[in-house]
Amino acid sequence: MELHADLLEMIATEVSLDPSAEIVGSTDLLLTGLVDSLGIIDVVAWLEDRLDLTIEPSDIVLEHFQTVDLMTEFIGRLTAGA
Amino acid sequence: MKPSLLSDLLPRAATLPEGSGGVVGLDGIHHGWGEIEELSRRLAGTLLDLGVRPGDRVALLHPKSVESFVAVHGVLRAGAVVVPLDPLGSAVPLASIVEQIEPSIVIGASDTLARLLAPVLARIGHRVISTGSLDSLTSAGVGIERISGWDEAVSASTRDHVLPTVEPADSAYVIFTSGSTGEPKGIVHSHASAMAYVDRAIDFHRLTSLDRLAGIPPLHFDMSTLELYGTPWVGATAITIGEAEQRFPVNLARRLESERVTHLYAVPFLLRQLQQRGAIEQRDLTALKHIGYAGEPFAPGALAELMAALPEVEVTNLYGPAETNVVTSHDLPAIPDGLDAVPIGRPWPDAEVRIVDDTGADVAAGIEGELLVSAPTCMVEYWRRPELTAERLHPHEQPGRPPWYATGDIVRIDPAGVLHYLGRRDHQVKIRGVRLELEGIEAVLTDAPGIEHAVVGPVVAPDGDRALAACLVMQPGVAFDQRAMRRWCAGRLPAVAVPTTFSLRTDLPTTASGKIDRAAIRDVLAVEAATLVDAKNEGNRI
């Protein structure tokens, strides 16, 4: 779960529009306004960089990026080669 | 006969034949105009029961939804003035707006109200109508006796109330934008000014009863008036676009396909995202007929890419400050093939324009100057700011004509009578279509602990999007903490107004009169940003 923890930390410190808000794995990052569309691009770039993989534009959707839990599940499937 | 009141639009739409449009919710469920009319009438009745009187303000803090569409019209039909607020906004400016407008009722989503307005609601004691679970509001300190649930507010018990008579000159809504002092200022439109806009807009967007308009702009943004009032006027369908589609271009593209959207009206930023990241080549967007854009210039290269990707779609550039609504437009005759900016076009019917120099005298044809507009679509005033209103609105020399509004925009007119936008005469900038006053942002930064001076300027980000950069001078002995600064900004500025980069200086250049030379610093910020872009592009090529 190292990725999960690092993602939470990265989003809280670098992407969140309200750095004082507490973010957990199930926090809805979108309806709370914590992450805007440019923030999502930052998250995607961070994931690609760190994991040395490519995320297809068609995979950058709400269902994969609404929460940190969903992001790690999506990345898990991606790296499992599914 | 043409309707003359926003509050008449739904009753009129409800008499259209079955199947003539309506509102599609985020869940894809279609609600006909008859149903929307009925719900808005019940809500208006509830508002009257709760003591709302003609001219009262009702604040609306709700994500886009069928409910928010109903709420806007319910408030108008109760004779009140609707004040849409940004559900993704920051607590401090929102509280300032609520205190300025003194609403008699606040309508909102419970979670959003609790997150952004709880201290104000707890202190002032407004009555609240809320969708969603009421627990989040009560635990935020809003007494349960002050809260009405949405279902109760639109129940059948209030459907037969007699609604007040509204006059065209009555105020209808207030749109708030950032002010140069950091204090938001409210732009007040009447039923007459809004209806004059909608009357023209449906023609220029070529909107008919068969069309399906994606409602992209948020409600606190004046561009949302097309879907709110234009779709019921012609009996078209408004497709509600939510936060997911705003954030994720792929989700937006899918929804445009599944809802067979025919018309888009959005800021260039969002259309650019759609084209670059929406994977639109995988979608069937053949229903799409017309794209209108407004809010800021569209970079010609980016616009050319969008138009090449959607070759069958007609594109119109629409121009107008929120104070006047749209007053000029330009239909793109072909895909732009150079770097020349797209013109803002010719004035709309009954819109008079003048181009003046610094002394207020008309310039010769072809010479640049400030654009003045007199149009029936013009606002009434700035909310409770008579000095500011007098500064920007000047009586027309011919009695009975709408006043002249000084736009602050520098334009020139070409021999064909087409207007070209050249820039601003003050320090207002547009970031992703949102109007920002640089001085207002600088005031917020300078108020932060430890900051001596702050200068903010627009820069072009690596992906071609515009953003803000800040240059700071710290007070002696204070270290800069970027995270603390971003936290400070988050509660006080809209997200687009938070600078993406902060650079530190020990002193700042001054002008001959000893003032900080903001123009020079803004130039430096822009050049530094461009250098970063070059470095990044260089890196990508290797």
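Above this text you will find the structure in question.
None of the values given here were measured: they were computed from a predicted structure.

**Student:** Can you tell me about the overall build of chain B, naming the residues and giving the values?
**Tutor:** Across its full length, chain B carries 17 helices and 27 strands. Computed over the C-alpha atoms, the radius of gyration of chain B is 23 Å, within 12% of the 24 Å expected from 2.2 N^0.38 for a compact globule of 542 residues. Taken along its principal axes, the extent of the C-alpha atoms in chain B is 70 × 55 × 55 Å. Residues classed as buried in chain B amount to 59% of the 542 residues present. Contacts spanning at least 24 positions in sequence make up 66% of the contacts within chain B whose residues lie at least 6 apart. Counting every atom, chain B has about 21,800 Å² of accessible surface; 54% of that belongs to carbon and sulfur. Side-chain charges of chain B comprise 48 positive and 68 negative groups, with the mean position of each set lying 2 Å from the other.

**Student:** Tell me about helix α2 (residues 37–51) of chain A, and name the residues and values.
**Tutor:** Given a rise of 1.5 Å per residue, 15 residues ought to cover 21 Å, and the 21 Å separating the end C-alpha atoms of α2 of chain A matches this to within 8%. Those residues of α2 of chain A that sit buried are Ser37, Gly39, Ile40, Val43, Val44 and Leu47 of chain A. For α2 of chain A, the buried positions fall inside an angular range of 155° around the axis, keeping them on one side. Where α2 of chain A is buried, its residues touch α1 (2–15), α3 (62–65) and α4 (68–79) of chain A together with α10 (243–247) and α12 (268–277) of chain B. Just downstream of α2 of chain A, Asp52 of chain A is the residue with a positive phi angle, here 50°.

**Student:** So what's going on with the interface of chain A and chain B? Which residues, and what values?
**Tutor:** Each partner contributes to the interface: chain A provides 26 residues, whereas chain B provides 23 residues. Summed over both sides, the interface of chain A with chain B buries roughly 2,100 Å², with 59% coming from carbon and sulfur. Three residues stand out in chain A for area buried against chain B, namely Pro19, Ser37 and Leu38 of chain A, and they jointly supply 24% of the buried area on that side. Where chain A meets chain B, there are 6 residue pairs in polar contact (both at pLDDT 80 or more). Grouping the amino acids of the side of chain A that touches chain B by side-chain chemistry returns 15 nonpolar, 7 polar and 4 charged.

**Student:** Could you give an account of the pairing of strand β10 (residues 212–215) of chain B, naming the residues involved and the relevant values?
**Tutor:** Residue and element names in this part refer to chain B. Of the two faces of β10, both are covered, the one formed by Arg212 and Ala214 as well as the one formed by Leu213 and Gly215. As paired strands, β10 and strand β11 (residues 237–240) are joined by 4 bridges and run parallel to one another. Residue pairing for β11: Leu213 is matched across the bridge by Ala238. Here 2 bridges tie β10 to strand β12 (residues 263–266), and the two strands are oriented parallel to one another. What sits directly across from Leu213, in β12, is His263.

**Student:** Please set out the sheet that holds strand β26 (residues 466–474) of chain B residue by residue, giving values where relevant.
**Tutor:** Residues and elements named next belong to chain B. One open sheet holds the 3 strands; their spatial order is β25-β26-β27, and the pairing between them is mixed. Edge positions in the sheet fall to β25 (451–460) and β27 (501–505), since each has one partner strand and no second. Neighbouring strand axes in the sheet, compared pairwise and without regard to direction, differ in orientation by 25° on average. Both β25 and β26 contribute to a ladder of 9 bridges, which runs antiparallel. Looking across to β26, one finds that His453 is bridged to Val473. The strands that helix α15 (residues 438–447) touches are β25, β26 and β27; relative to β25, the one it contacts most, it runs at about 140°.

**Student:** Quick one: what's the story with the packing of aromatic side chains, residue by residue and with numbers?
**Tutor:** Aromatic ring pairs are reported here in terms of the distance separating the ring centres and the angle at which the planes meet. Tallied over the full model, the rule gives 8 aromatic pairs over all chains. Here Tyr173 of chain B and Tyr229 of chain B contribute two aromatic rings whose centre-to-centre distance is 6.2 Å and whose plane-to-plane angle is 15°, an arrangement assigned as stacked. With Tyr173 of chain B in strand β8 (residues 171–177) and Tyr229 of chain B in helix α9 (residues 225–234), this pair connects stretches of sequence that are 56 residues apart. By the burial criterion, Tyr173 of chain B is buried, and Tyr229 of chain B matches it. Aromatic ring contacts, followed pair by pair, group Phe65 and Phe74 of chain A together with Phe248 of chain B into a single cluster. Stacked on the ring of Trp488 of chain B, the Lys or Arg Arg492 of chain B has its end atom at 3.4 Å from the ring centre.

**Student:** Give me the lowdown on the packing of α1 of chain A against α2 of chain A, citing residues and values where you can.
**Tutor:** All names here are of chain A. At a minimum axis distance of 11 Å, the contact between α1 and α2 shows a crossing angle of 140°. Taken together, α1 and α2 sit at an angle that is classed as oblique. For the pair α1 and α2, the sense of crossing is right-handed. Residues Glu2, Leu3, Asp6, Leu7, Met10, Ile11 and Val15 of α1 form the contact with α2, whose own contacting residues are Gly39, Asp42, Val43, Trp46, Leu47, Arg50 and Leu51. Taken together, the residues of the contact of α1 with α2 sort by class into 9 nonpolar, 1 polar and 4 charged.

Scoring rules and cut-offs
- Residues numbered from 1 in each chain as written.
- Chains lettered and ligands numbered in written order.
- Predicted model: local features only at pLDDT ≥ 70, side-chain atom pairs only at ≥ 80, totals over all residues.
- Heavy atoms only, no water.
- Helix = DSSP H or I, 4+ residues; strand = E, 2+ residues; numbered from the N terminus.
- Rg over C-alpha atoms; globule rule 2.2 N^0.38 Å.
- Buried < 20%, exposed > 50% of the residue type's maximum accessible area, 1.4 Å probe, protein only.
- Contact = heavy atoms within 4.5 Å.
- Areas by Shrake-Rupley, 256 points an atom, 1.4 Å probe, with all protein chains shown as cover.
- Lys, Arg positive; Asp, Glu negative; His and termini not counted.
- Charge placed at Lys NZ, Arg CZ, Asp CG, Glu CD.
- Expected span 1.5 Å × (residues − 1).
- Arc of directions from axis to C-beta.
- Buried area = accessible area lost by both parts, 1.4 Å probe.
- Polar contact = N/O pair within 3.5 Å; in protein donor to acceptor, adjacent residues only side chain to side chain.
- Nonpolar A, V, L, I, M, F, W, Y, C, P; charged D, E, K, R; others polar.
- Pairing = 2+ DSSP bridges.
- Axes fitted to C-alpha atoms, helices over the stretch in contact; angles between N-to-C directions.
- Phe/Tyr/Trp six-rings, centres within 6.5 Å; stacked < 30°, edge-to-face > 60°.
- Lys NZ or Arg CZ within 6 Å of the ring centre and 35° of its normal.
- Parallel < 35°, antiparallel > 145°, perpendicular 65-115°, else oblique.
- Left-handed = near helix turned anticlockwise from the far one by under 90°.

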